[in-house]
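The lines below spell out each chain.
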Amino acid sequence: MSARKELLDLYRRVLRTNRAVLPRPMRLLGDGYTKEEWRRQRKGNATQRQWEEFTYMWNAYCDFLVGKPGTMDRSGELSEDIKSKLTSEQKMQLKSLKEAIDLFRK
């Protein structure tokens, strides 16, 4: 299977999982974030290692949503190891996402 087809299949899996698991308002937020993140990754100059990490994390996200045991911490908090690897832009995106979630909860 080509790498392009695998990525497209994963992208579809993410959107299908969002549709199946998330309530509508969260799905809309999740789908928008997913599409933007994939666009950004595709337009960037990612290395092979970065693509591998990208696909690994999106697969883990899907596994997390469907409740696959042992995949991710279900508290929703990122580990210190993951936080230390985030770029400044990713930290700002995370902050923006947390703010959007807080608005949604009000």
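Going by the structure above, here's the rest.
Parameters and conventions
- Residues numbered from 1 in each chain as written.
- Predicted model: local features only at pLDDT ≥ 70, side-chain atom pairs only at ≥ 80, totals over all residues.
- Heavy atoms only, no water.
- Helix = DSSP H or I, 4+ residues; strand = E, 2+ residues; numbered from the N terminus.
- Buried < 20%, exposed > 50% of the residue type's maximum accessible area, 1.4 Å probe, protein only.
- Contact = heavy atoms within 4.5 Å.
- Areas by Shrake-Rupley, 256 points an atom, 1.4 Å probe, with all protein chains shown as cover.
- Phe/Tyr/Trp six-rings, centres within 6.5 Å; stacked < 30°, edge-to-face > 60°.
- Axes fitted to C-alpha atoms, helices over the stretch in contact; angles between N-to-C directions.
- Parallel < 35°, antiparallel > 145°, perpendicular 65-115°, else oblique.
- Left-handed = near helix turned anticlockwise from the far one by under 90°.
- Nonpolar A, V, L, I, M, F, W, Y, C, P; charged D, E, K, R; others polar.

> What's the story with the overall build of the protein chain in this structure? I'm lost.
Per the secondary structure count, the protein chain includes 5 helices and 0 strands. Reading the protein chain from its N terminus to its C terminus gives the helix and strand order α-α-α-α-α. Residues counted as buried form 21% of the 106 residues belonging to the protein chain. Residue pairs in contact within the protein chain that sit at least 24 positions apart in sequence constitute 51% of those at least 6 positions apart. As displayed, the protein chain has an accessible area near 8,200 Å², and 54% of this comes from carbon and sulfur atoms.

> Quick question: what am I supposed to make of the packing of aromatic side chains here?
Where two aromatic rings form a pair, the distance of their centres and the angle of their planes describe that pair. Taken as a whole and assessed by the stated rule, the structure comprises 7 aromatic pairs. With a centroid separation of 5.6 Å and 85 degrees between ring planes, the pair formed by Trp 51 and Phe 54 is classed as edge-to-face. On the criterion of helical spacing, the pair formed by Trp 51 and Phe 54 is a turn pair, its members being 3 residues apart in helix α3 (residues 48-65). Judged by relative accessible area, Trp 51 falls into the partly exposed class, the value being 21%. A centroid spacing of 5.4 Å and a plane angle of 80 degrees characterise the contact between Trp 58 and Tyr 61, whose relative ring orientation is edge-to-face. One end of the pair, Trp 58, and the other, Tyr 61, are both in helix α3, 3 residues apart, so they sit about a helical turn from each other. Owing to a relative accessible area of 9%, Trp 58 belongs among the buried residues under this scheme. Among the residues examined, Tyr 61 registers a relative accessible area of 21% and is labelled partly exposed. Members of the aromatic cluster, joined through ring pairs, are Tyr 11, Tyr 33, Trp 38, Trp 51, Phe 54, Trp 58 and Tyr 61.

> Looking at this model, I keep getting lost on the packing of helix α1 (residues 3-21) against helix α2 (residues 24-43). Mind explaining?
For any two helices packed against each other, the geometry is given by the interaxial angle and the distance between the axes. It is at 9 Å that the axes of α1 and α2 come closest, and there the two elements cross at 165 degrees. Here α2 runs roughly antiparallel to α1, going by the angle between their axes. Of the two possible hands of crossing, α1 and α2 adopt the one that is right-handed. On the side of α1, the interface is formed by Leu 7, Leu 10, Tyr 11, Val 14, Leu 15, Asn 18 and Arg 19, while α2 contributes Arg 27, Gly 30, Asp 31, Thr 34, Lys 35 and Trp 38. Residue composition of the contact of α1 with α2, grouped by class: 6 nonpolar, 3 polar and 4 charged.

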